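# Structural overview for review
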Amino acid sequence: MSRLIAPSILSANFLNLEQDIKMLNESQADWIHLDIMDGVFVPNISFGMPIIQAIRTQTKKPLDVHLMIIEPERYIDTFHEVGADILSVHYEASIHLHRNLQKIRSLGMKSGVVLNPHTPVHVLEDILNETDLVLLMSVNPGFGGQEFIPQTFSKIRKLRKMIDEQNTGTLIEVDGGVSTANASALFEAGADVLVAGNAVFKSNNPIETIAQLKA
Ligand code: DX5
Ligand code: ZN
């Protein structure tokens, strides 16, 4: 099982993104997590294509794009063009989830499904074979720096069991309220990838914090 860390740019310094990307390049961060919010699916607006494009020129690390937007199918091609490697759509925002995941894979990206805290993992039973990654929200999406929802642990264990039974190799990613206090327990419960925003970017030593989250 992998132990990957994906720092979330939402908490980075937007006045000096280049410096933060350089720091991530030197760190043990595995992926760079990018939160795209439309102000409709979630009560916040973050950033869009130009920022992803700019980051793409400064790093070789995989860009893990988390779409918190309605009708994500309208933008799959565009996020591919600006450099997404992994593209995740919300279950709650996808009327035709199967089609969305197939489209993502057909462009050569890894396909991801995101579940809000209230959505049970069993809804993914018949779609896991189309899914490279399941992103479990451990806060309500929309903002960084929120408190971790403990129920996530039981969702990780249930999902781990489903993935192992179907042997699809799907990765489990956890997003929201991750810190050095819960990271190793999350990996032990069966998570493969942890997103961390505030824990990394509000740290006095982000490189060291990334190493601690991974250890
Ligand atoms: C929340 C985003 C998260 C956020 C996590 O909607 O999906 O990726 O950046 O931030 P922290 O780690 O601060 O909870
Ligand atoms: Zn996210």
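Residues numbered from 1 in each chain as written. Chains lettered and ligands numbered in written order. Predicted model: local features only at pLDDT ≥ 70, side-chain atom pairs only at ≥ 80, totals over all residues. Heavy atoms only, no water.

### Remarks on the pairing of strand 7 (residues 171–175)
In terms of burial, strand 7 is largely enclosed, as four of its five residues are buried. The sheet contact formed by strand 6 (residues 133–137) and strand 7 spans five bridges and is parallel. Pairing of Val134 across the sheet is with Ile172, part of strand 7. A crossover links strand 6 with its parallel partner strand 7, the connecting element being helix 5 (residues 152–166), and its sense is right-handed. Pairing analysis gives three bridges linking strand 7 to strand 8 (residues 193–196), with the strands arranged parallel. Residue pairing for strand 8: Asp175 is matched across the bridge by Val195. For the handedness criterion, the β-α-β arrangement of strand 7, helix 6 (residues 183–189) and strand 8 is classed as right-handed. (Buried < 20%, exposed > 50% of the residue type's maximum accessible area, 1.4 Å probe, protein only. Helix = DSSP H or I, 4+ residues; strand = E, 2+ residues; numbered from the N terminus. Pairing = 2+ DSSP bridges. Right-handed = clockwise from strand over helix to strand, strands pointing away.)

### Examining the site of ligand 1
In the vicinity of ligand 1 there are 20 residues, among which Ser8, Asp35, Gly142, Asp175 and Gly197 approach most closely. Ser8 places a side-chain nitrogen or oxygen 2.8 Å from an oxygen atom of ligand 1. Backbone polar atom of Asn198 to an oxygen atom of ligand 1: 2.9 Å apart, as the coordinates give it. The protein chains hide 99% of the 380 Å² of surface that ligand 1 would expose on its own. When contributions to the shell around ligand 1 are tallied by element, the ones reaching two or more residues are strand 2 (32–37), strand 3 (63–68) and strand 8. (Near = heavy atom within 4 Å. Polar contact = N/O pair within 3.5 Å; in protein donor to acceptor, adjacent residues only side chain to side chain. Areas by Shrake-Rupley, 256 points an atom, 1.4 Å probe, with all protein chains shown as cover.)

### With respect to the pairing of strand 4 (residues 86–90)
Burial within strand 4 is extensive, with five of its five residues counted as buried. Bridge analysis of strand 3 against strand 4 gives four bridges, and the strand direction is parallel. Across the sheet, His66 pairs through a bridge with Ser88, a residue of strand 4. In this view, the connection linking strand 3 to its parallel neighbour strand 4 by way of helix 3 (residues 76–82) has right-handed handedness. Pairing of strand 4 with strand 5 (residues 110–115) involves five bridges; the strand directions are parallel. Its bridge partner being in strand 5, His90 is matched across the sheet by Val114. Of the crossover connections in this fold, the one passing from strand 4 over helix 4 (residues 97–106) to the parallel strand 5 is right-handed.

### A short note on helix 1 (residues 17–26)
All buried positions along helix 1 are accounted for by Leu17, Asp20, Ile21, Met23 and Leu24. Along the axis of helix 1, the buried residues cluster in a sector spanning 155°; they form a single face. In helix 1, the exposed positions that point more than 90 degrees away from the buried face belong to Gln19 and Glu26. On its buried side, helix 1 packs onto strand 1 (4–7), strand 2, helix 2 (49–56), helix 7 (198–201) and helix 8 (206–214). (Arc of directions from axis to C-beta. Contact = heavy atoms within 4.5 Å.)

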